[in-house]
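# Geometric and topological summary
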Amino acid sequence: MKLATYKDGSRDGQLVVVSRDLTTAHYATGIASRLQQALDDWNFIAPQLQDLYDALNGGRARHPFAFEPERCMAPLPRAYQWLDGSAYLNHVELVRAAGRADVPERFYTEPLMYQGGSDDLLGPCDDIRVADEAFGIDFEGELAVVTGDVPMGATPEQGLEAVRLLMLANDVSLRQLIAAEVETRLGLVQGKPSTAFSPVAVTPDELGEAWQDGRVHLTLQVSWNGRKVGLCEAGPDMRFHFGQLIAHAARTRRLRAGSIVGSGTVSNPGVDQGGRRDWPKGYGCIAEKRAMETLQDGAPRTDYMRFGDTVRIEMKGRDGRPLFGAIDQKVVQQGSGA
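What counts and how
Residues numbered from 1 in each chain as written. Predicted model: local features only at pLDDT ≥ 70, side-chain atom pairs only at ≥ 80, totals over all residues. Heavy atoms only, no water. Salt bridge = Lys/Arg side-chain N within 4 Å of Asp/Glu carboxyl O. Helix = DSSP H or I, 4+ residues; strand = E, 2+ residues; numbered from the N terminus. Buried < 20%, exposed > 50% of the residue type's maximum accessible area, 1.4 Å probe, protein only. Pairing = 2+ DSSP bridges. Axes fitted to C-alpha atoms, helices over the stretch in contact; angles between N-to-C directions.

### Concerning the pattern of salt bridges
- With the rule as written, the count across this model stands at 20 salt bridges.
- Here D171 makes a salt bridge to K192, at a shortest N to O gap of 2.7 Å. Taken as a pair, D171 in the loop between β10 (163-170) and β11 (173-174) and K192 in the loop between α5 (175-182) and β12 (196-197) lie far apart in primary sequence, 21 residues in all.
- Taking the relative accessible area as the measure of exposure, K192 reaches 11% and is therefore buried.
- Across the pair R301 and D297 runs a salt bridge, and its minimum N-O distance is 2.6 Å.
- Residue D297 is classed as partly exposed on the basis of its relative accessible area, which comes to 43%.
- Here the salt bridges share partners, and the residues they tie into one network are D138, E140, D171, R175 and K192.

What follows is the structure, encoded as structure tokens:
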């Protein structure tokens, strides 16, 4: 099934069930008013939401209405925690190679992960508000899962069993601030503003055979200012699957239902063509594009985002239809009133 959260003036919004083709929706009133409520009692509430979803798709729902992504908050507007991994090793290898730094061996056996802010997550069409272009504004096209309860010390298999929903994410990065924060070795705070998520969160069964072994075997599409810059395959190059990422997060603590775990930037390796390295799948963040340019020509040419820039992130199923709806955002200056 597909679930979304509509803006209603409150901090947590109103839970709605969305049709498979993303054209109609129905309030889940009487079943659960908020998504977190459903996650807290999933075994009891999910079957009722499924019945409503089936009725909506079958034309039997009592009060359907046209689905409007612009009215969506993040599916979980505020979450108990947001943990973002770096499961695509090509992303790490590419950026480090451009900086002439080796990748530590442990990165190949243990996922990288940071804990981001989860108290104010953005909806798919909310503006990216930044005070200064000099911060180095970057998008990052990612996948994310929402978990049920996960016990401390969970195995990767238990981690996969805890996956309740999947979403797309734009893990906005302020690259110049990150560079300074990395030197402190205390984690990222100012360099990671609010993350945005897709209009709908979907249960794994909605992906069909594309959901295999904790990976989504589909193409993540990223467009910058209307130009398609990334058509990255999310499945084959994901070094650590979502079960492994969840197990890593739960190594020394349990995770509560409603935790969000991200994949990191979806990234595919380059290929050698005529003595030159090229990346035919494009890129999921500008930092990768700049790294590609550095490796090819010795210096980056592409600037980070400017005020007025737009980014669109989406993924289609094997039938060619959108799965999650699109993240479609604009960068605006904080305090500009835009």
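### Examining the sheet that holds strand β16 (residues 219-224)
- Strand order in the open sheet formed by five strands is β7-β22-β21-β16-β17, and the pairing between neighbours is mixed. Both outer strands of the open sheet, β7 (128-130) and β17 (227-233), are each paired with one neighbouring strand and no more. Between one strand axis and the next, the sheet turns by 20° as a mean value, whatever way the strands run.
- Pairing analysis gives five bridges linking β16 to strand β21 (residues 310-315), with the strands arranged antiparallel. Along β21, the bridge assignment pairs S223 with R312.

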